[in-house]
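# Results of the structural survey
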Amino acid sequence: MIEVLSVASEAYPLIKTGGLADVTGALPGALSPLGVSMRTLLPGYPVVTDKLNGGGRTVAEFDDLFDGPAKLVAARINGLEILLIDAPHLYARPGNPYLGPDGLDWPDNWRRFAALGWVASQLGHGLLDDYQPQIIQAHDWQAGLLPAYMKYGPATDVKTVMTVHNIAFKGFFGSEIFPQLRLPPAAFAVGGVEFYGGISYLKSGMECADFVTTVSPNYAEEIRTPAFGMGLEGLLNGRAETVTGILNGIDIDTWDSAIDPELKQTYSANTLHLRQVNKRALAERFQLDGVDGPLFCVISRFTGQKGMDLLAQVVDGVVGLGARFCLLGSGEPHLEAGFAAAAARHPGKVGLVVGYDEGLSHLMQGGADAILVPSRFEPCGLTQLYGLRYGCIPVVSRVGGLADTIIDANPAALDAGVATGIQFDADSAHALYEAARRAVKLYGDEKVWRKMQRRGMKSDVSWEHSADRYAALYGQLLGLARDNDNAAD
Ligand code: ADP
Ligand code: GLC
């Protein structure tokens, strides 16, 4: 068994704001058959500590964890082996894990997530008698200080992996926090936590970790260029031998249209006509005036990254083609307002639910005809994978993991019988509109559409292959010989 500690700010089903949680929640289960035992270190947000139901075992105590007392609690919740940092002064706040009631980042996020990395490093340095991780994997900026704490702490054999789910979120803070980070002065350097005069937790992790992974092979290439690297391309090019992209999978048990309790009507690739029942349920929920013609769905953060401004520009045109929309998400106020205005302009054609609704997202994948993902950049993207699995044809921009996972229905791919969706150039409202037009046209050819749906449903979106690659990487880092040529390249 290889012991890996996964350090993250979210893990489904305990706490989720996006795809990060889906990944950290699914990986332990996917890795366990491969001889990898993965525990997850999480901040003790109220929604998570509540799930302990008084259970859990205190395994360590800290008198002063960044300005307050804290306990480390071990528990098994929803099948995950969890280590929880119970630190009320840092995490006992309701709502979103990152934002206060004013919608802004908590001003002490630097401290809340420094604590996460620091506790992880204590575990790496032998805090517990009965648990010693061999590898610690830090996910995104919130865990980004862990590799620095390991690098500048006592010498150790423990290896670190920094996994980048989104290079846009750097965890950048002013240099004035440095004296409180519990790092030696030498760490405030280009080879440590320093970034443009301040401190970036993500950069620090990418600099100090033994290995850097990201969540699709294409994004691993893209972020080596200025257009996508957002200032970190130089760092990545400097250590290209120890950077790799491993594609996300999805939890195919949670996402199984044959048994999904969130669906009005379950179905399989052989009973696709039953999806119509879900489409009708969606029409009701989104106050649409019918189910004839294609129904596009969007399940997304409403942000520029996701290209939602481009979508707002083309809604009128696509409705003009005879399509309807159901939109679920929340985010930038001007985008929420833009979609609300579109719904008001097109009653019965454009339906909007502002908010976060996991159950509804399942029903949408199980009832809409196509899912639009017009991202400007997309490290991996999961909604297009759920779309494939549910016969909801993905219409995606050609970036990041979207390009890696969807085969465009161009004439050659249709002839060869391999198309699974539609791709278009990112960052162009015109290209998005044209892609929607192609989708409407393809939808009109029921035979071709059904074939694409079935092909998508049969494509392998599970964790199997990628879990193998993580296991191979862990083995490589520990110098273990593996009878496997999958080792990370
Ligand atoms: P990101 O993490 O960048 O937001 P991903 O596509 O990787 O994008 O993952 C988003 C995850 O969050 C998916 O599981 C998606 O279904 C879910 N999701 C996004 N917005 C909503 C919403 N408003 N309601 C329910 N689920 C949502
Ligand atoms: C990030 C990325 C998304 C990715 C997810 C899980 O939120 O934006 O593309 O799928 O992490 O890795």
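The structure presented is a predicted model; accordingly, all values stated were derived computationally and were not measured.

### Description of the site of ligand 2
- Lining the immediate environment of ligand 2, one finds 14 residues, of which His165, Asn248, Glu378, Cys380 and Gly381 sit closest.
- One of the side-chain N or O atoms of Gln305 is found 3.4 Å from an oxygen atom in ligand 2.
- Note that an oxygen atom of ligand 2 is positioned 3.4 Å from one of the backbone N or O atoms of Pro379.
- Considering ligand 2 on its own, with 310 Å² of exposed area, one finds that the protein chains cover 92% of that surface.
- The element best represented in the shell around ligand 2 is helix 1 (residues 19-31), accounting for 3 residues.
- Broken down by class, the residue content of the shell around ligand 2 amounts to 6 nonpolar, 6 polar and 2 charged.
- Each of domain 1 (2-249 + 463-477) and domain 2 (272-458) contributes no fewer than three residues to the shell around ligand 2.

### Topic: the environment of Ala115
- Here Ala115 lies in helix 4 (residues 109-124).
- Along the backbone, Ala115 and Ala143 are 28 residues apart, and their C-alpha atoms lie at a distance of 9.1 Å.
- Residues contacting Ala115, with those up to four places away along its chain left out, are Leu65, Phe66, Ile85, Leu90 and Tyr91.

### Some details on the packing of helix 1 against helix 19 (residues 464-477)
- At a minimum axis separation of 10 Å, helix 1 and helix 19 run at an interaxial angle of 75 degrees. Taken as axis vectors, helix 1 and helix 19 run roughly perpendicular relative to one another. For the pair helix 1 and helix 19, contact is made by Leu27, Ala30 and Leu31 and by Ala467, Tyr470, Ala471 and Tyr474, respectively.
- Looking at the contact of helix 1 with helix 19 residue by residue, the class counts come to 7 nonpolar, no polar and no charged.

### Describing the sheet that holds strand 1 (residues 2-7)
- Pairing is mixed in the open sheet, where 9 strands are placed in the order 3-4-5-2-1-6-7-11-12. Looking along the sheet, the strands with just one partner apiece sit at the ends: strand 3 (57-62) and strand 12 (243-245). Ignoring which end each strand starts from, the neighbouring axes of this sheet average 25 degrees apart.
- Bridge count for strand 3 against strand 4 (residues 70-77) is 5 bridges, and the pairing is antiparallel. Paired with Ala60 across the strands is Leu72, a residue of strand 4.
- Contacts between helix 4 and the sheet are confined to strand 1, strand 2 (36-43), strand 3, strand 4, strand 5 (80-86) and strand 6 (135-139), with strand 2 contributing the most and set at about 145 degrees to the helix.

### Quick word on the pattern of salt bridges
- Using the criterion set out here, one finds 19 salt bridges in the structure.
- Ionic pairing is found between Glu358 and Lys16, a salt bridge with its closest N-O pair at 3.2 Å. Taken together, the positions of Glu358 in helix 13 (residues 358-367) and Lys16 in the loop between strand 1 and helix 1 put the pair 342 residues apart, joining distant regions of the chain.
- In this structure, Arg437 engages Glu434 in a salt bridge whose closest nitrogen and oxygen atoms are separated by 2.7 Å. Of this pair, Arg437 and Glu434 both sit in helix 17 (residues 429-443), 3 residues apart, which is roughly one turn of that helix.
- Owing to a relative accessible area of 36%, Arg437 belongs among the partly exposed residues under this scheme.
- Among the residues examined, Glu434 registers a relative accessible area of 24% and is labelled partly exposed.
- Via salt bridges that share partners, Asp289, Asp292, Arg324 and Lys349 belong to a single interconnected network.

### Some words on the pairing of strand 6
- Extensive coverage of strand 6 is indicated by the burial of 5 of its 5 residues.
- Burial along strand 6 is two-sided: the residues Ile135, Gln137 and His139 and Ile136 and Ala138 are all buried.
- Relative to strand 6, strand 1 runs parallel, the two being bridged by 4 bridges. Of the residues in strand 6, the one forming a bridge with Val7 is Ala138.

### Here we look at the site of ligand 1
- Among the 20 residues in the neighbourhood of ligand 1, the closest are listed as Lys16, Gly19, Asp22, Arg301 and Gly355.
- Gly355 places a polar main-chain atom, nitrogen or oxygen, 2.8 Å from a nitrogen atom of ligand 1.
- Contact distances for ligand 1 include 3.0 Å between a nitrogen atom and a backbone N or O atom of Asp357.
- Broken down by secondary-structure element, the contributors of at least two residues to the shell around ligand 1 are helix 1, strand 13 (295-302), strand 14 (324-331), helix 13 and helix 14 (383-390).

### Things to note about the packing of helix 13 against helix 14
- Contact geometry for helix 13 and helix 14: axes closest at 8 Å, N-to-C directions at 50 degrees. One way to sum up the angle between helix 13 and helix 14 is to call them oblique. Two packed elements cross with a definite hand, and for helix 13 against helix 14 that hand is right-handed. Each of His362, Gln365 and Gly366 in helix 13 lies in contact with helix 14, whose residues at this interface are Thr383, Tyr386, Gly387 and Tyr390.
- Partitioned by chemical class, the residues of the contact of helix 13 with helix 14 number 2 nonpolar, 5 polar and no charged.

### Regarding the packing of aromatic side chains
- The tally for this structure, following the rule as stated, stands at 19 aromatic pairs.
- Ring centres of Tyr470 and Tyr474 lie 6.2 Å apart, and the angle between their planes is 25 degrees; on these two criteria the pair is classed as stacked. Here Tyr474 and Tyr470 lie together in helix 19, a separation of 4 residues that amounts to about one turn. For the pair shown, Tyr470 and Tyr474 are each scored as buried.
- Three or more aromatic residues joined by ring pairs make a cluster, and in this case those are Tyr98, Phe113, Trp141, Phe173 and Tyr201.
- The ring of Tyr131 carries the charged tip of Arg39 above its face, separated from the ring centre by 4.0 Å.
- The positively charged end of Arg182 is found above the aromatic ring belonging to Trp118, 4.6 Å away from the centroid.

### What to know about the side chain of Arg324
- Along the chain, Arg324 turns up in strand 14.
- Looking at Arg324, its side chain comes within polar contact range of the side chain of Asp289, at 2.8 Å.
- Residues within four places of Arg324 in sequence aside, it is in contact with Leu288, Asp289, Gly290, Val291, Asp292, Pro294, Leu295, Phe296, Gly348 and Lys349.

The rules behind the values
Residues numbered from 1 in each chain as written. Chains lettered and ligands numbered in written order. Predicted model: local features only at pLDDT ≥ 70, side-chain atom pairs only at ≥ 80, totals over all residues. Heavy atoms only, no water. Near = heavy atom within 4 Å. Polar contact = N/O pair within 3.5 Å; in protein donor to acceptor, adjacent residues only side chain to side chain. Areas by Shrake-Rupley, 256 points an atom, 1.4 Å probe, with all protein chains shown as cover. Helix = DSSP H or I, 4+ residues; strand = E, 2+ residues; numbered from the N terminus. Nonpolar A, V, L, I, M, F, W, Y, C, P; charged D, E, K, R; others polar. Domains from an automatic or database assignment. Contact = heavy atoms within 4.5 Å. Axes fitted to C-alpha atoms, helices over the stretch in contact; angles between N-to-C directions. Parallel < 35°, antiparallel > 145°, perpendicular 65-115°, else oblique. Pairing = 2+ DSSP bridges. Salt bridge = Lys/Arg side-chain N within 4 Å of Asp/Glu carboxyl O. Buried < 20%, exposed > 50% of the residue type's maximum accessible area, 1.4 Å probe, protein only. Left-handed = near helix turned anticlockwise from the far one by under 90°. Phe/Tyr/Trp six-rings, centres within 6.5 Å; stacked < 30°, edge-to-face > 60°. Lys NZ or Arg CZ within 6 Å of the ring centre and 35° of its normal.

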